[in-house]
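Understanding the architecture of this molecule
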Amino acid sequence: MYKIFVTSKVSDSALNILKSVGEVEVWEKEETLNGKTLLEKIKEKDAVLTMVNNFVTDDIIQQAPKLKVIGNCGVGYNNIDIASAEKHGVIVTNTPDVLNDATADLTWAMILGIARRIVEADKFVREGKFTGWLPHLFIGNMVYGKKLGIIGLGRIGRAVCKRAKGFKMEVYYYNRNPLPKAQEEALNATYKNLEDLLRECDYITIHAPLNEDSHHLIGRDELNLMKKDAYLINTSRGPLIDEQALYEHLKDGKIAGAALDVYEHEPEIVEGLLGLDNVMLLPHIGSATYETRTNMAELAAKNIANVLSGKEPLTPVTKG
Ligand code: DGY
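Rules and cut-offs
Residues numbered from 1 in each chain as written. Predicted model: local features only at pLDDT ≥ 70, side-chain atom pairs only at ≥ 80, totals over all residues. Helix = DSSP H or I, 4+ residues; strand = E, 2+ residues; numbered from the N terminus. Buried ≥ 20, exposed ≤ 12 C-beta atoms within 10 Å, placed from the backbone. Contact = placed C-beta atoms within 7 Å. Near = placed C-beta within 6 Å. Nonpolar A, V, L, I, M, F, W, Y, C, P; charged D, E, K, R; others polar. Domains from an automatic or database assignment. UniProt positions renumbered as here; feature names shortened; annotations may be inferred. Pairing = 2+ DSSP bridges. Axes fitted to C-alpha atoms, helices over the stretch in contact; angles between N-to-C directions. Parallel < 35°, antiparallel > 145°, perpendicular 65-115°, else oblique. Left-handed = near helix turned anticlockwise from the far one by under 90°. Right-handed = clockwise from strand over helix to strand, strands pointing away.

1. Let's talk about the environment of valine 262
Relative to the helices and strands, valine 262 is located in the loop between strand S11 (257–260) and strand S12 (279–281). Under the C-beta neighbour-count criterion, valine 262 is labelled buried, with 23 such atoms within 10 Å. Along the chain, valine 262 and leucine 282 lie 20 residues apart, while their C-alpha atoms are 7.4 Å from each other. If near-sequence neighbours (up to four positions away) are discounted, valine 262 is found in contact with Asn234, Thr235, Ser236, Arg237, Gly238 and His284.

Structure representation (structure tokens):
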């Protein structure tokens, strides 16, 4: 009987998939499992279903000799040492696609929220400061008709792009490799190099994975290229932005605002950001809808079930 460990409570539907191939143990506590405890839990297991906040390091993989598959419940997998997993013959899977729409919806909530100062305005009302309509109260910026820049036109970036149609935006994108013309036309998106995209767009949203190449993709120099009335939105991974440099730009009014769902040293946040009004700060909730989290857990469970029953995983990160 295979032994499977799940690092967080997940839907019954996902558990049932896992139970069809093995004995399942679930970490029921709210506290995040990492380090020594994570190792203790998985060192005798055949499979583990992880969340994106569980760090499966080389050290852990080395000490879990029975481990065959890590089913990560997330599209990002920078929390797993992929090279080590490959070296030890452990298959890693992720959950692409099922979270595209939830993440794209949140991105739009953030674009609109920061442009129209929704969080600031809500706070103002709650603090009892609303004394009636005023001509200059919480003036924000238009989204409709503006230029949207998408960094990373992958699955989530495309879902964001499609939603821009309703706002009649001109859409530009930056990818390492431009898409074929037919795809650009279907999406109504035009390729720009990163510098031009940063210089010209009003709303710049990041949907690229974190890897060695993308670390600090948006650093001080890149922020310097942005317009004074432009906004930066990030629902991908925090380390793509130099957070300290972003804080300084926001504090000095060098860009209009930012909306962040992820942080460079998550869950820590550059302290000064907390005191600024021109930044919206969310606690990594891009995929946090009931439907999406259920779909993610089911996909992670199916990947594990497939591997343990000798089939190909549905969405592998490595060939194993
Ligand atoms: C992911 O899937 O990578 C998200 O960040 C977690 O919801």
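2. Looking at the site of the ligand
With respect to spatial proximity, the complete set of residues near the ligand consists of Val52, Gly74, Val75, Gly76, Leu99, Gly286 and Ser287. The residue makeup of the shell around the ligand, split by class, is three nonpolar, four polar and no charged.

3. Let's talk about the environment of threonine 32
By secondary structure assignment, the location of threonine 32 is in the loop between strand S2 (22–26) and helix H2 (35–42). Overall, the presence of 15 C-beta atoms within 10 Å leaves threonine 32 in the partly exposed class. Spatially, the C-alpha atoms of threonine 32 and serine 8 are 8.2 Å apart, while their sequence positions differ by 24 residues.

4. Points about the domain arrangement of the protein chain
When the domains of the protein chain are assigned, the result is domain 1 (2–96 + 290–308) and domain 2 (100–281). Residue composition of the side of domain 1 that touches domain 2, grouped by class: one nonpolar, three polar and no charged.

5. Observations regarding the UniProt feature "domain: D-isomer specific 2-hydroxyacid dehydrogenase NAD-binding" (unreviewed entry) in the protein chain
Sequence positions flagged by UniProt for "domain: D-isomer specific 2-hydroxyacid dehydrogenase NAD-binding" (unreviewed entry) are, in local numbering, residues 109–286. Secondary structure across residues 109–286 comprises 30% helix and 16% strand; the distance between its end C-alpha atoms is 10 Å.

6. Quick word on the sheet that holds strand S6 (residues 147–151)
What the seven strands build is an open sheet, ordered S8-S7-S6-S9-S10-S11-S12; its pairing is parallel. The open sheet has two free edges, formed respectively by strand S8 (189–191) and S12, since each of these has just one partner strand. Within this sheet the neighbouring strands show an average axis-to-axis angle of 20°, counted without direction. One ladder, built from four bridges, connects S6 with strand S9 (residues 203–206); its direction is parallel. Within S9, the position partnered with glycine 149 by the bridge is isoleucine 204.

7. Quick notes on the UniProt feature "domain: D-isomer specific 2-hydroxyacid dehydrogenase catalytic" (unreviewed entry) in the protein chain
Per the UniProt record, "domain: D-isomer specific 2-hydroxyacid dehydrogenase catalytic" (unreviewed entry) is annotated on residues 4–317. This span, residues 4–317, is 35% helix and 16% strand, and a straight line between its end C-alpha atoms measures 19 Å.

8. Remarks on the packing of helix H5 (residues 100–115) against helix H7 (residues 155–163)
It is the contact of H5 with H7, at a shortest axis distance of 8 Å, that shows an interaxial angle of 55°. Taken together, the axis directions place H5 and H7 in an arrangement best described as oblique. Between H5 and H7 lies a crossing of right-handed hand. Where H5 abuts H7, its residues Asn100, Asp101, Thr103, Ala104, Thr107 and Trp108 lie against Arg155, Ile156, Ala159, Val160 and Arg163. Its residues placed into classes, the contact of H5 with H7 shows five nonpolar, three polar and three charged.

9. A look at the pairing of S9
On S9, burial covers both faces: Tyr203 and Thr205 on one face and Ile204 and Ile206 on the other are all buried. Here S9 pairs with strand S10 (residues 231–234) via four bridges, running parallel. Considered in S10, the bridge of tyrosine 203 is made with tyrosine 231. For the segment spanning S9, helix H10 (residues 220–225) and S10, crossover handedness is right-handed.

10. Re the pairing of S11
Burial along S11 is two-sided: the face carrying Gly257 and Ala259 and the face carrying Ala258 and Leu260 are both buried. In this fold, the crossover linking S10 to S11 by way of helix H11 (residues 243–251) has right-handed handedness. In this structure, S11 lies alongside S12, joined through three bridges in parallel fashion. Of the residues in S12, the one forming a bridge with alanine 259 is methionine 280.

11. A closer look at the sheet that holds S2
In spatial order, the strands read S2-S1-S3-S4-S5; together these five strands make up an open sheet with parallel pairing. On the outer flanks of this sheet lie S2 and strand S5 (91–93), each paired with one strand and no other. Ignoring strand direction, the axes of neighbouring strands in this sheet form an average angle of 15°. Pairing between strand S3 (residues 47–51) and strand S4 (residues 69–73): five bridges, direction parallel. For alanine 47, the partnering residue across the bridge sits in S4 and is valine 69. Strand contacts of helix H12 (residues 290–308): strand S1 (2–6), S2, S3, S4 and S5, with the helix running at about 170° to S4, the strand carrying the most contacts.

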